[in-house]
Amino acid sequence: MRAAALLVLAGCSSLADSGGGKANLPNAAAGPFRAIEGEELGAGRAAPYVLKDDDDFPRNAVVIDADGDAATLATWIYAAHRVTPDEEEPDPSVPPGEIIRAVAEDGRSFARAFDVVLRAEEAWEGGVVDRPAVVVFGGEHWLFYAGAGGIGAAKGSDGVTFTRVGSGPVLAPSGGWEAAGMPTSPAVLVAADGSLRMYYEVPLAGGSAIGEARSSDGASWERVGTAPIFAPAEEGIDAGGTAEPYALMMTTPEGRSVEQLYYTAIDAMGIRLIGYAARFEGEASFTRALSPVFGGDGDLVPGEPCVLRYGGFSLLYVTEKAGETEALDYPAIAAGVAPADAVLPPAAP
Amino acid sequence: MRLLAAAAVLTCASTASAAVPDQFGFGSRSTAMGGAVTADAKDFSAGYYNPAGVVEAPDVEVSFGYMYNMQALRVGELDNEVEDVHGVVLGLVAPGELFGVPFAFSVGTHLPDDGLSHVQARRQGVPRWELYDARAQLLYIEACLAVRPLPWLEIGGGIGYLTATSVHFGIRGRADLLSPFDSQLEHEVDGDLTAVRYPQAGLRLVLEDWGAFGVTYRGESNLDLEVDALLEGVVDFAGIEVPLLYQLEASTISSFTPHQIAAGISFQRVEDLSLNFDLTWMHWSNYASPVARLFARLEAEPPPGTPVELPDEPLPTIPIPPEFSDTFVPRAGVEYRGVRFGSERELDGKKVALVEIPLRAGYWYEKSPVPDQGGETNLIDTDRHTWTLGAAVGLNKPFDDVLDGSLRLHMHGLFSWLPERSVQKSSAADFIGDYRVGGIIAGGGANLEASF
């Protein structure tokens, strides 16, 4: 009855529209990420996979801005893969022996053609080059990678042709908290002071932890501190390990520098998700985010995160299973976007 | 899918807000004076500003008007497209005398012209302009009575109404997943638009030759949004029948109007001039969390061995107390009534000119009640300075044969500046991060008042 009375009073009204106030709301675009969808990828690709091949198994990728301009989407992806000899059956469990580079004009629809930029050749590499990290430093592209005996480095001027730096790894096993564990999965960034910072995983008995090293020339590295900068928590999504770091620096709209750390979070049951932590400049320790940023229930076993920032959104690249069936039980590179309501520019063909 | 949709509601918070007059004024005369009319409200708007004032009306007055307020509220440099606030304003004042005591009845309303009641639901932590986003998309009605038992004392009281919404929807029957058109489902939707009421009362002391002093109390109101849903039936998947029951009840506060006590004084010592000052206490610390209180239950019995994985019942959101602070809102207003011309005539026993043009101006300042948002919540708000200007064109007894009273067109303009406020998160890993907010509000309106 009361409603009827009100409706009489409002006889000239129309229905309310959908409501505003939702445009341009603040968001650090740090996560959580949603998987990109079909129409957000170029033709012939199956979302959310931006690079997928059931012969060579490209995996463990890093993506960089091709022209250094965040306003454009041109990107290069560096991924590890393995060329299977004709007489062998493709086997995703065989470690990769090459690092390739492919190009995308839209940040995610990578061309199927690629260049091989590094092959395992050195004895210390043990036939393995994997988990690339690429950074532009001193006007050159520096490629850091994991080999069987540690972390190696190579550099080149065009992002395609690389020459190894030295004859051995730039970061080899060490004592102390690393307990002679093999450093692997490097992530490298250029700090505000112009030096290089490397974050790397060290497998330990109690679960992988993340260490930090610094360098002024890319060739010689000095470990920071006497403890890992990020280690498994007592409980939660990374109680079983913190692995495969990816780090980047950003400045908030209020001018504060933030060091962001994405990583593979492994819980006590072995379930893997993508975790996120960050610290303000000057803070000693990283603060964990309230929730994982990607991975759903972990069925696809995501790992090796890499994040690239654009104007109003970020793209996350992870290596995960190509699907949940046995036939798709091989690694592929998937992408996600944050914030979840971001509208991506049109996909490249 | 429905389950997921229903679950999505569970962590929603609605956009909570207050009534239109609190933020944009009520009636062009009162708004043009910055709302500083607790001691000087004389028309239908007195029902909001001070119900005692309606007894000042000499004749029956009918008002019809419209107001529009454009909100340009932004984060950083980008506009958030918060909806403009606009609607029809109606008012009626009917004075009389009862047992020799002057009394008056008044009713007024703000009627949004794009809907009766509009609320939005968002998850906790999602940024929103807490006090501006959709706050005025609500129907507001006030009704009051006032008496003047003594020549220097006026007392009034009334009720404010806001609309609220409750919705029930239910789905019952049998769903065949492989042949949807063979499904037999009953749908039921029941929506109810109800009103919440809160008291308003005022007192006005007339200080002869000096002006007046007024005090007003406005009660608190919580406007509930309630949703309950029931999904009950059998899901048939290729011959496997799964009885299913999903029950959801969610309720939240979609609008909050704080307790308010306003005190005002109107200096009228100088002829044709009113200088008004108000101070309003607003009990924002009682602001309730807009996060939904909920109950959810899922019951399903898939046959043993069926590869059906039931989702966990969603955990309730733990509301973070908003911890708003009480505020004091100072207001100032001025009205100059010395501009008049035209032939003289008698109205209500006084000599008046044919044309009167009162000029008005005002200002008020609202300190934001919202605390620093360095944590998980993102209730966006900032302080607000508002300047107003206005005028009226009054015609006294313009048509003796038709209108033995007056016609007045009141107009006002409003400009609010919301100075920038910086939000810096305590956690570097906050998904929203730092931001800076600010904006402006510009508006205006007019109402035509006829007295008989």
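The structure we're discussing is the one just above.
Residues numbered from 1 in each chain as written. Chains lettered and ligands numbered in written order. Predicted model: local features only at pLDDT ≥ 70, side-chain atom pairs only at ≥ 80, totals over all residues. Heavy atoms only, no water.

Q: Talk me through the overall build of chain A; I want residue IDs and the actual numbers.
A: Helix and strand content of chain A: 1 helix and 21 strands. Its C-alpha atoms give chain A a radius of gyration of 22 Å, near enough to 20 Å, the size a compact globule of 349 residues would have. With the C-alpha coordinates aligned to their principal axes, the bounding extent of chain A is approximately 85 × 50 × 45 Å. Excluding contacts between residues fewer than 6 apart, the proportion of contacts in chain A whose partners are at least 24 apart in sequence is 52%. (Helix = DSSP H or I, 4+ residues; strand = E, 2+ residues; numbered from the N terminus. Rg over C-alpha atoms; globule rule 2.2 N^0.38 Å. Contact = heavy atoms within 4.5 Å.)

Q: So what's going on with the overall build of chain B? Residues and values would help.
A: The helix and strand tally for chain B stands at 4 helices and 24 strands. Each of the 452 residues in chain B was classed as buried or not, and the buried ones make up 53%. Long-range contacts, defined as pairs at least 24 residues apart, comprise 72% of the intrachain contacts of chain B with a sequence gap of at least 6. (Buried < 20%, exposed > 50% of the residue type's maximum accessible area, 1.4 Å probe, protein only.)

Q: Hey, could you go over the sheet that holds strand β8 (residues 140–147) of chain A for me, with residue numbers and the actual values?
A: Taken in spatial order, the 4 strands of this open sheet run β7-β8-β9-β10 (chain A), and their pairing is antiparallel. The sheet is open, and its two borders are formed by β7 (130–137) and β10 (163–164) of chain A, each paired with just one other strand. (Pairing = 2+ DSSP bridges.)

Q: Run through the pattern of salt bridges, naming residues and quoting values.
A: One pass over the structure, following the stated rule, counts 36 salt bridges over all chains. Arg131 of chain A is the partner of Glu244 of chain A in a salt bridge, and the nearest nitrogen-oxygen pair spans 3.1 Å. Linking Glu244 of chain A in strand β15 (residues 241–251) with Arg131 of chain A in strand β7, this pair joins segments that are 113 residues apart in sequence. A relative accessible area of 8% places Glu244 of chain A in the buried class. Connected through shared salt-bridge partners, Arg29, Asp40, Lys42, Glu335, Arg337 and Arg360 of chain B make up one network. (Salt bridge = Lys/Arg side-chain N within 4 Å of Asp/Glu carboxyl O.)

Q: Lay out the sheet that holds strand β6 (residues 115–119) of chain A with the relevant residues and their values.
A: Residue and element names in this part refer to chain A. If you trace the 4 strands from one edge of the open sheet to the other, you get β3-β4-β5-β6, paired in antiparallel fashion. Only two strands of the sheet have a single neighbouring strand rather than two, namely β3 (59–65) and β6. Between one strand and the next, the sheet's axes are offset by a mean angle of 25°, whatever the strand orientation. Inspection of the sheet shows strand β5 (residues 98–104) paired to β6 by 4 bridges, in the antiparallel sense. (Axes fitted to C-alpha atoms, helices over the stretch in contact; angles between N-to-C directions.)

Q: So what's going on with the nonpolar core? Residues and values would help.
A: Counting residues in each nonpolar core, the largest one holds 66 residues, and the members touching the most others are Val50, Tyr78, Phe110, Tyr262, Tyr276 and Tyr317 of chain A. For this core, the leading source of residues is strand β21 (residues 331–338) of chain A, giving 6 residues. Ignoring anything within four residues of it in the chain, the contact list for Tyr276 of chain A reads Ala30, Gln260, Leu261, Tyr262, Tyr263, Thr287, Arg288, Ala289 and Val293 of chain A together with Ala428, Ala429 and Phe431 of chain B. Within the second largest apolar cluster, 50 residues are counted, among which are Met67, Val89, Trp129 and Ala146 of chain B. (Core = buried A, V, L, I, M, F, W, Y, C linked by side-chain atoms within 4.5 Å.)

Q: Let's hear about a nonpolar patch on the surface: which residues, and what values?
A: Residue and element names in this part refer to chain B. Together, Tyr66, Tyr68, Met70, Trp387, Phe415, Trp417 and Ile440 make up an exposed nonpolar region whose accessible area comes to about 630 Å². Listing elements by their share of the nonpolar patch, those giving two or more residues are β2 (61–75) and β23 (406–423). By the secondary structure assignment, Tyr66 is in strand β2. What makes Tyr66 partly exposed here is its relative accessible area of 35%. (Patch = residues over 30% accessible without salt bridge, like charges linked within 9 Å, V, L, I, M, F, W, Y side chains within 5 Å. Areas by Shrake-Rupley, 256 points an atom, 1.4 Å probe, with all protein chains shown as cover.)

Q: Any chance you could break down a negative patch on the surface for me, citing the residues and the numbers?
A: Together, Asp86, Glu87, Glu88 and Asp91 of chain A give the surface a local cluster of negative charge. Among the secondary structure elements, Asp91 of chain A is positioned in the loop between β4 (75–81) and β5. (Lys, Arg positive; Asp, Glu negative; His and termini not counted. Charge placed at Lys NZ, Arg CZ, Asp CG, Glu CD.)

Q: Before we move on, could you go through the layout of surface pockets and cite the residues and values that matter?
A: Residues and elements named next belong to chain B. Size it by volume and the second largest pocket reaches roughly 1100 Å³. Along the walls of the second largest pocket sit 31 residues, with Lys42, Arg337, Lys350, Glu356 and Arg408 positioned nearest its centre. If you list the elements that add at least two residues to the lining of the second largest pocket, you get β18 (340–347), β19 (350–356), β22 (384–396), β23 and β24 (435–451). Ranked by residues supplied to the lining of the second largest pocket, first place goes to β19 with 5 residues. Each residue belonging to the lining of the second largest pocket can be placed in one class, and the counts come to 7 nonpolar, 6 polar and 18 charged. (1 Å grid on protein atoms, 1.4 Å probe; cavity = no way out; pocket = protein on both sides within 12 Å on 5 of 7 lines; lining within 4 Å. Points joined across faces, edges and corners; volume = space filled by probe spheres on them. Nonpolar A, V, L, I, M, F, W, Y, C, P; charged D, E, K, R; others polar.)

Q: Can you lay out the packing of aromatic side chains for me, pointing to particular residues and giving the numbers?
A: Overall, the coordinates contain 26 aromatic pairs over all chains when judged by the stated rule. Seen from their ring centres, Phe137 of chain A and Trp142 of chain A are 6.1 Å apart, and the 70° between their planes marks the pair as edge-to-face. The exposure classification of Phe137 of chain A matches that of Trp142 of chain A, with both residues buried. Seen from their ring centres, Trp284 of chain B and Tyr287 of chain B are 6.1 Å apart, and the 50° between their planes marks the pair as tilted. As far as burial versus exposure is concerned, Trp284 of chain B and Tyr287 of chain B are alike and both buried. Here a set of aromatic residues connected by ring pairs shows up, and it is made of Phe26, Phe44, Tyr48, Tyr49 and Tyr140 of chain B. (Phe/Tyr/Trp six-rings, centres within 6.5 Å; stacked < 30°, edge-to-face > 60°.)

Q: Mind laying out the environment of Thr319 of chain A, listing which residues take part and the relevant values?
A: All names here are of chain A. Following the sequence through the fold, Thr319 ends up in strand β20 (residues 314–321). A relative accessible area of 9% places Thr319 in the buried class. Sequence-wise, Thr319 and Glu304 are 15 residues apart; in three dimensions their C-alpha atoms are separated by 5.8 Å. Once residues lying within four places of it in the same chain are set aside, the contact partners of Thr319 are Arg59, Asn60, Ala61, Val301, Pro302, Gly303, Glu304, Pro331, Ala332 and Ile333. A polar atom in the side chain of Thr319 sits 2.6 Å from the backbone nitrogen of Asn60. (Polar contact = N/O pair within 3.5 Å; in protein donor to acceptor, adjacent residues only side chain to side chain.)

Q: Which residues make up unusual backbone geometry, and what are the values?
A: All names here are of chain A. A cis geometry characterises the amide bond from Ala47 onward to Pro48, with omega recorded as 5°. Note on placement: Pro48 falls in the loop between β1 (34–35) and β2 (49–51). Cis geometry is found at the peptide bond from Ala338 to Pro339, where omega equals -5°. If you trace the backbone, Pro339 turns up in the segment after β21. Unlike most non-glycine residues, Asn60 shows phi in positive territory, near 50°. Within the secondary structure layout, Asn60 lies in strand β3. Despite not being glycine, Glu304 has its phi angle at roughly 50°, a positive value. As for its placement among the helices and strands, Glu304 is situated in strand β19 (residues 303–309).

Q: Can you break down the pairing of β24 of chain B residue by residue, with the values?
A: All names here are of chain B. By the bridge criterion, 15 bridges tie β2 to β24 in an arrangement that is antiparallel. Bridge pairing links Met70 to Ala442 in β24. Where β23 meets β24, 16 bridges bridge the pair, whose relative direction is antiparallel. Bridge pairing in β24 places Gly413 opposite Gly444.

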